[in-house]
Amino acid sequence: MALKTLVVLSFLIALPLAQAQLGGLLGPLLGLLRIQGVVFCTPNGGIGLNGTATPVFPNALVQLQCGATVVSTATTNGSGLFSILLDPLNFVLSTLLSGCRLVVNTPLASCNATLPSVGGLVSNLQFIGNTVTGLLNVGNMIPAGFRFNANLN
């Protein structure tokens with residue numbers, strides 16, 4: 001009986017230590033980079049002045065462009081929300097922040113006929129912190145602020 005108790009106690013002590021060691025070794029491998037935000041149906045893609053009610057931009061195609069290459073896309077839902085998940089083994093956070101941008105080529109006129117029918121919205125990325133869930137580490141980014149660019153196709 002004493003041997004069983006010793007084995008169980010050893011297991012209970014060893015399991016958290018093994019999880020801590022694996023988390024330290026595999027933490028960078030068990031991660032995601034998440035870019036999410038809301039696109040509003042305004043000339044600058046942002047919320048209205050003084051918190052006024054602002055319509056969202058549903059069904060807008062949001063592209064993550066690094067240089068001239070589109071590396072990922074998402075479509076906004078009915079609430080204007082989009083989310084892009086990336087593997088941190090394929091993308092370096094500093095490169096995303098300095099060399100990539102979000103582009104909305106969907107014409108603003110598709111959500112409001114009084115807005116331009118050519119051009120689109122562009123935003124740099126802003127890192128807002130990490131979220132840790134178990135062994136999974138999620139790096140969170142948001143649009144730094146959309147602005148209208150008349151030269152987008």
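An account of the accompanying structure is given in this report. Source: prediction; values computed, not measured. (Residues numbered from 1 in each chain as written. Predicted model: local features only at pLDDT ≥ 70, side-chain atom pairs only at ≥ 80, totals over all residues. Heavy atoms only, no water.)

### Considerations on unusual backbone geometry
For step 1, the next point in the chain: The backbone of N59 sits at a positive phi, close to 60 degrees, despite the residue not being glycine.
For step 2, the next point in the chain: Structurally, N59 is set in the loop between β1 (31–38) and β2 (61–66).
For step 3, the next point in the chain: Accessibility expressed as a relative area gives 60% for N59, which makes it exposed. (Helix = DSSP H or I, 4+ residues; strand = E, 2+ residues; numbered from the N terminus. Buried < 20%, exposed > 50% of the residue type's maximum accessible area, 1.4 Å probe, protein only.)

### As for the sheet that holds strand β3 (residues 69–75)
The strands making up a sheet associate through hydrogen bonds between their backbones, and the pairing can be parallel or antiparallel.
For step 1, the next point in the chain: An order of β3-β2-β5-β6-β9 is seen for the 5 strands of this open sheet, with the pairing classed as antiparallel. In the strand order of this sheet, the two ends are held by β3 and β9 (147–149), each with one partner. Recorded for the sheet is a direction-independent mean angle of 30 degrees between the axes of neighbouring strands.
For step 2, the next point in the chain: Both strand β5 (residues 100–104) and strand β6 (residues 120–123) contribute to a ladder of 3 bridges, which runs antiparallel. (Pairing = 2+ DSSP bridges. Axes fitted to C-alpha atoms, helices over the stretch in contact; angles between N-to-C directions.)

### Observations concerning the sheet that holds strand β8 (residues 136–143)
For step 1, the next point in the chain: A sheet is described by the order of its strands in space; here 4 strands give the open sequence β4-β1-β8-β7, paired in mixed fashion. Of all strands in the sheet, those with a lone pairing partner are β4 (81–86) and β7 (125–133), marking the two edges. Here the average twist between neighbouring strands, direction ignored, is 25 degrees.
For step 2, the next point in the chain: As defined by bridge partners, β7 adjoins β8 across 8 bridges and the pair is classed as antiparallel. From the neighbouring strand, Q126 faces β8, where its bridge partner is I142.

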